[in-house]
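A look at the structure
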Amino acid sequence: MSDTPFFSVLIINYNGGTYLQKAINSLAAQTFQNFETIIIDNDSTDGSMNGLDVSALPHCDIDLLGRNSGFAEGNNIAAKKARGEWLALLNADAEAATDWLATLANSIAAHPDCRMFASTQLSMDDNDILDGIGDGYTIWGFAWRGGYHRPAREIPEAGETFAPCGASAVYHRETFLTYGGFEERYFCFMEDVDLGFRMRLAGEYCLLQPDAIVQHKGGGLSGEASEFSVYHGARNRVWTYIGNMPAVLLWLTLPGHLALTAYLLIRYIGTPYSGYVWKGTKDGWREAFTFRRERKALRSNKRSVTLSGLSRMFHWNIFAMSQHRSAVRPTNRR
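Read on for a plain summary of the structure. For clarity, every value in this text was computed on a predicted model and none was experimentally measured. (Residues numbered from 1 in each chain as written. Predicted model: local features only at pLDDT ≥ 70, side-chain atom pairs only at ≥ 80, totals over all residues. Heavy atoms only, no water.)

**As for the overall build of the protein chain**
Under the convention used in this document: Elements are defined by DSSP. Helices are runs of H or I of four residues or more, strands are runs of E of two residues or more, and each kind is numbered from the N terminus. The size measure is the radius of gyration over C-alpha atoms, and the globule rule it meets is 2.2 Å times the number of residues to the 0.38 power. Exposure classes here rest on a 1.4 Å probe applied to the protein chains alone. A residue is buried below 20% of its type maximum, exposed above 50%, and partly exposed in between. In this analysis, two residues are considered to be in contact whenever any of their non-hydrogen atoms come within 4.5 Å of each other. Here the accessible surface of atoms and residues is derived via Shrake-Rupley with a 1.4 Å probe, and residues count as covered only by protein chains that are part of the display.
In terms of regular secondary structure, the protein chain is built from 12 helices and 12 strands. Its C-alpha atoms give the protein chain a radius of gyration of 19 Å, within 12% of the compact-globule value 20 Å for 334 residues. Each principal axis of the C-alpha distribution contributes one length, and for the protein chain these read about 55 × 45 × 40 Å. Within the protein chain, the proportion of its 334 residues that are buried is 56%. Contacts in the protein chain between residues far apart in sequence, at least 24 positions, make up 80% of those at least 6 positions apart. When the accessible surface of the protein chain is split by element, carbon and sulfur atoms take 52% of a total near 13,800 Å².

Printed below as a string of structure tokens:
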């Protein structure tokens, strides 16, 4: 590895159990070895850091924070430590294919103006099922993980998607830091979509590289559906929409957003999570317009995309979201 590695692979661990060592082993087996690994441990209590073997990695830095910083702040801490030109995020409950970094390096070389890339995520339990192929975002302020739980045969060609899923996202380090990294108040969930939104307002774009593959447990650490994930997802969804959407589009789409929110609240009635989706939505709206005022300069001074151009980045069809269809569109960028 050179003094300045090409990639800094960031892993945020919180009670990762045996998954963490498997993630490390998958990195050690990479065909592209010009990378460092930075592990931030969020005060795990399950012993996952005890006896962790990182000896096969080119270089590894471990930071035992002694507190739970969440996924958002944890990655920001790691990004500031990183020496690599590019940040490659890998969940502690994910395993990378041996050519994951090599494939991404080739895609970066082929698209020198692109500053964020999405990987193909397969279900760790069944490689014939997708875990995700980039994140989509509707004009109505709702995000979804493209391809989630759909057949792997639906993996699309390389193309543009709204944002990368944080479990295997790749960002140009300097660009990541320029845009402030992840919003730390989110703690976790939706921070990847929020950052993607902010970067897209400034004219950046995201490419899915279908051959860059990781296997992801999906909820292996937090639970696919849990009080924690439902609450943070509901709250952070409001903040992302209200904080980033330009005023004209916000007022045009607000009725649709409220209608979809009402539908979501009704759908959760009678489930164990109904109170958490309600509390998350309520807490999101309580601080939404304070959040929006804080983001005013970003939406105006830093926005380089026209409203018509921005509206074309979004998906208008809510059924694409509800059915978790691919959010990847063909691109002619070179």
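**A short note on helix H6 (residues 227–244)**
Using the following cut-off: Expected span, for any helix, means 1.5 Å times one less than how many residues it has.
Between its terminal C-alpha atoms H6 stretches 26 Å, which fits the 26 Å expected from 18 residues at 1.5 Å a residue. Among the 18 residues of H6, 16 are classified as buried, and the element is accordingly described as predominantly covered.

**Structural notes on the pairing of strand S1 (residues 7–13)**
This is how it is decided: Paired strands are those between which DSSP finds at least two bridges. Note on handedness: a crossover is taken as right-handed if, strands pointing away from the viewer, the path from the first strand over the helix to the second is clockwise.
In terms of burial, S1 is a largely internal element, 7 of the 7 residues being buried. The two faces of S1 match: Phe 7, Val 9, Ile 11 and Asn 13 on one face and Ser 8, Leu 10 and Ile 12 on the other face are all buried. As judged from the 7 bridges shared by S1 and strand S2 (residues 35–41), these two strands associate in the parallel manner. Its bridge partner being in S2, Phe 7 is matched across the sheet by Phe 35. Remark: the S1/helix H1 (residues 17–28)/S2 crossover connection has right-handed handedness. Relative to strand S4 (residues 86–89), S1 runs parallel, the two sharing 4 bridges. The partner of Leu 10 across the bridge, within S4, is Leu 89.

**Describing the pattern of salt bridges**
Once the charged atoms of two side chains with opposite charge are near each other, the side chains can pair. Here is the rule: When a carboxyl oxygen of Asp or Glu is within 4 Å of a side-chain nitrogen of Lys or Arg, the pair counts as a salt bridge.
Applying the stated rule across the entire model yields 15 salt bridges. Between Glu 160 and Arg 200 there is a salt bridge; the shortest N-O distance is 3.2 Å. Remark: Arg 200 occurs in helix H5 (residues 191–201) and Glu 160 occurs in strand S10 (residues 159–161); sequence separation between them is 40 residues. In this structure, Glu 160 and Arg 200 share a single accessibility class: buried. For Arg 185, the salt bridge goes to Glu 183, with nearest N and O atoms at 2.9 Å. Judged by relative accessible area, which is 38%, Arg 185 ranks as partly exposed. Residue classification places Glu 183 among the buried residues on the basis of a relative accessible area of 14%. Shared partners join several salt bridges into a network, and the residues in it are Glu 183, Arg 185, Asp 194, Arg 198, Glu 294 and Arg 295.

**Here we look at the packing of aromatic side chains**
Within a pair of aromatic rings, the relevant descriptors are the distance that separates the centres and the angle that separates the planes. Filter applied, for reference: Classification of ring pairs rests on two measures: the distance between centres of Phe, Tyr or Trp rings, Trp counted by its six-membered ring, which must be within 6.5 Å, and the angle between planes, read as stacked under 30 degrees, edge-to-face over 60 and tilted in between.
By the definition in use, this model includes 21 aromatic pairs. Ring plane angle 85° and centroid distance 6.0 Å describe the contact between Trp 140 and Trp 316, whose orientation is recorded as edge-to-face. Pair noted here: Trp 140 is in the loop between strand S8 (135–137) and strand S9 (143–145) and Trp 316 is in the loop between helix H11 (307–313) and helix H12 (318–322), with a separation of 176 residues, a long-range link. Taken together, a centroid distance of 6.2 Å and an interplanar angle of 40° make the contact between Trp 285 and Phe 289 tilted. By the ring-pair criterion, three or more aromatic residues cluster together here, those being Phe 71, Tyr 171, Phe 176 and Phe 182.

**Digging into the packing of helix H7 (residues 247–268) against helix H8 (residues 274–286)**
What describes two packed helices is the angle between their axes and the distance between those same axes. Test applied: The axes are straight lines fitted to the C-alpha atoms, using for helices just the contacting stretch, and the angles between their N-to-C directions are given from 0 to 180°. Roughly parallel here means an angle under 35 degrees, roughly antiparallel means over 145, roughly perpendicular means 65 to 115, and every remaining angle is called oblique. Handedness of each helix crossing follows the sense of rotation of the near helix against the far helix: counterclockwise by less than a right angle gives left-handed, clockwise gives right-handed. Under the scheme applied, nonpolar residues are Ala, Val, Leu, Ile, Met, Phe, Trp, Tyr, Cys and Pro; charged residues are Asp, Glu, Lys and Arg; polar residues are all the others, including Gly.
For the pair H7 and H8, interaxial distance at closest approach is 8 Å and the crossing angle is 155°. Taken together, the axes of H7 and H8 are roughly antiparallel relative to one another. As H7 packs across H8, the resulting crossing turns out to be left-handed. Taken together, the residues of H8 that come into contact with H7 (itself represented by Leu 254, His 257, Leu 258, Thr 261, Leu 264, Leu 265 and Tyr 268) are Ser 274, Val 277, Trp 278, Thr 281 and Trp 285. Here the contact of H7 with H8 is built from residues that sort into 8 nonpolar, 4 polar and no charged.

**Comments concerning the environment of Ser 229**
We apply this condition: N or O atoms closer than or at 3.5 Å make up a polar contact, with two conditions inside protein: a donor-capable atom paired with an acceptor-capable one, and, for residues adjacent in sequence, both atoms drawn from side chains.
Relative to the helices and strands, Ser 229 is located in helix H6. On the accessibility criterion, Ser 229 (9% relative accessible area) is buried. Counting along the chain gives 47 residues from Ser 229 to Tyr 276, while the straight-line C-alpha distance between them is 9.1 Å. Only 3.0 Å separates the side chain of Ser 229 from the backbone nitrogen of Ser 226, close enough to count as a polar contact.

**Regarding the environment of Ala 247**
Considering the arrangement of structural elements, one finds Ala 247 in helix H7. When the C-alpha positions of Ala 247 and Leu 307 are compared, they lie 10.0 Å apart, and in sequence the two are 60 residues distant.

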